[in-house]
Each structure stands twice: as C-alpha cells, then as structure tokens.
Amino acid sequence: MIKIDAMGLACPLPVIQTKKALRNIEGNGSVETMVDNESSMENLLKMAKEMKLESSYEKVEEHKYKVVITKGEGSSASSNDTVSTDKMVIAISSDRMGEGIDELGDVLIKGFIYTLTEMEVMPTTVLFYNGGAKLSVEDAPTLEDLKTLEKMGVEILTCGTCLNYYNLGDKLAVGEVTNMYTIMERLQGADKLIRP
C-alpha cells in the first residue's frame, strides 16, 4: 500500500498526488491518503468513482480523514488516459478566477494553472489578455507553472496591447507577445475552448 500524507495541502494537491500514486501501481494495489478536511475526502472519493476504482474512507479524528483507493488487475488508473488530437485553447482574461473575494480568486487561478501542468491531456495554447496578462510576467505567482507548460510544448501567448496598458511591456517572462489577430485565429481554430 502506498501512503500519502496530504494533511494541510490545498486543493487539488491531494487528488493529484493520489492519482500519480495510482498510476505507479502495476496490477493490484491501494493508495491510502490522509487529508484534513471533508472536501478533500469527497474529492478523492469522487475521483475514485470516476476512475471506476473501489474506495472507502474513515474519519480518524476531527480534521483527519483516511481515504483508501484500491486498483484491481486490469483497472484503469485514469478516467481519460487518451491523448487528445483536438486543439484545446485556454483563454484567460483575468488575473483571478471567478467573481467574489479577490484573495480567493488569486488562489483559484494559481491552482487552475498548476493543475494544467498535471493533466494528461495538455492544451495546445494558453492565451492571456486583459488582466490575464499579469499572470505571464516577472514575479507572477503562476510563472513557474507556465514555464513548465511551455517546456511541455504548450504555446503561451500574451496580448501585447494588454501588457502595454498595464505598463508591463518589458516584463513578459514566459511565452511570446501576440496581437488580437493571432488571438482570434487561436480562438477560431480551437476544437475545445476553456475560459476559467
């Protein structure tokens, strides 16, 4: 049995670590993941169900849950083990994800971009425009994850007009500067378009 201590880890890290461990099991085996909140426990159970794997949980004590996911012979370690040939474009127009509390939006967009680095199916292109341009510049909290995506072959494009508007024209730290024509081409040519 592989044991993972995900206590104190923010979403989606417990799921990502557990899924990686499951992929490393050849044949039969189990992964036991310890988490400190009910949401993480439920996310792990949901992942197991989507992957058609057996799972169980136990509330060990207040703020401590043990989730065991079992992989049987011939079962899949992923719900989407295929490589997509579709052009998937992610269009990010804000330096936050969603509306409401700004601090939460900051955490969510960072988590979203990190999660992209862990997906089995990579996007073709990630576009940054308007406030999203702030995510691909020096000292951005998402910079290392974007560099990882670029190394994996993902095209990273940031609107030049937007960089200039925010006085960030000389601060781009990953990918390339682009224009509205190229942004429109990528959006129009996408088989799948995701706007977080």
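Reference entry: report on the structure contained in this document. (Residues numbered from 1 in each chain as written. Predicted model: local features only at pLDDT ≥ 70, side-chain atom pairs only at ≥ 80, totals over all residues. Heavy atoms only, no water.)

### Brief notes about the overall build of the protein chain
The helix and strand inventory of the protein chain stands at 6 helices and 9 strands. For the protein chain, the spread of C-alpha atoms along the principal axes amounts to about 55 × 35 × 25 Å. The buried share of the protein chain, taken over its 196 residues, is 39%. When contacts within the protein chain are restricted to residue pairs at least 6 apart in sequence, long-range pairs at least 24 apart make up 71% of them. Of the side chains in the protein chain, 21 bear a positive and 31 a negative charge, and the two mean positions are spaced by 2 Å. (Helix = DSSP H or I, 4+ residues; strand = E, 2+ residues; numbered from the N terminus. Buried < 20%, exposed > 50% of the residue type's maximum accessible area, 1.4 Å probe, protein only. Contact = heavy atoms within 4.5 Å. Lys, Arg positive; Asp, Glu negative; His and termini not counted. Charge placed at Lys NZ, Arg CZ, Asp CG, Glu CD.)

### Remarks on the environment of I90
Position of I90 among the secondary structure elements: in strand β5 (residues 88-92). The contacts of I90, once residues within four sequence positions are left out, are F112, L116, P123, T125, V126, L127, I194 and P196.

### Focus on empty space enclosed by the protein
Considering all chains together, one arrives at 1 cavity of 30 Å³ or more under this definition. Taken as a whole, the largest cavity spans an internal volume of roughly 30 Å³. Along its surface, the largest cavity is lined by C11, P12, P14, V15, S40 and N43. (1 Å grid on protein atoms, 1.4 Å probe; cavity = no way out; pocket = protein on both sides within 12 Å on 5 of 7 lines; lining within 4 Å. Points joined across faces, edges and corners; volume = space filled by probe spheres on them.)

### Here's the deal with the packing of helix α1 (residues 13-23) against helix α2 (residues 38-50)
The contact between α1 and α2 brings their axes to 9 Å, and the two run at 35°. Judged by the twist between their axes, the crossing of α1 over α2 is right-handed. Contacts between α1 and α2 involve P14, V15, T18, K19 and L22 from the first element and S40, N43, L44 and M47 from the second. Of the residues in the contact of α1 with α2, the class split is 5 nonpolar, 3 polar and 1 charged. (Axes fitted to C-alpha atoms, helices over the stretch in contact; angles between N-to-C directions. Left-handed = near helix turned anticlockwise from the far one by under 90°. Nonpolar A, V, L, I, M, F, W, Y, C, P; charged D, E, K, R; others polar.)

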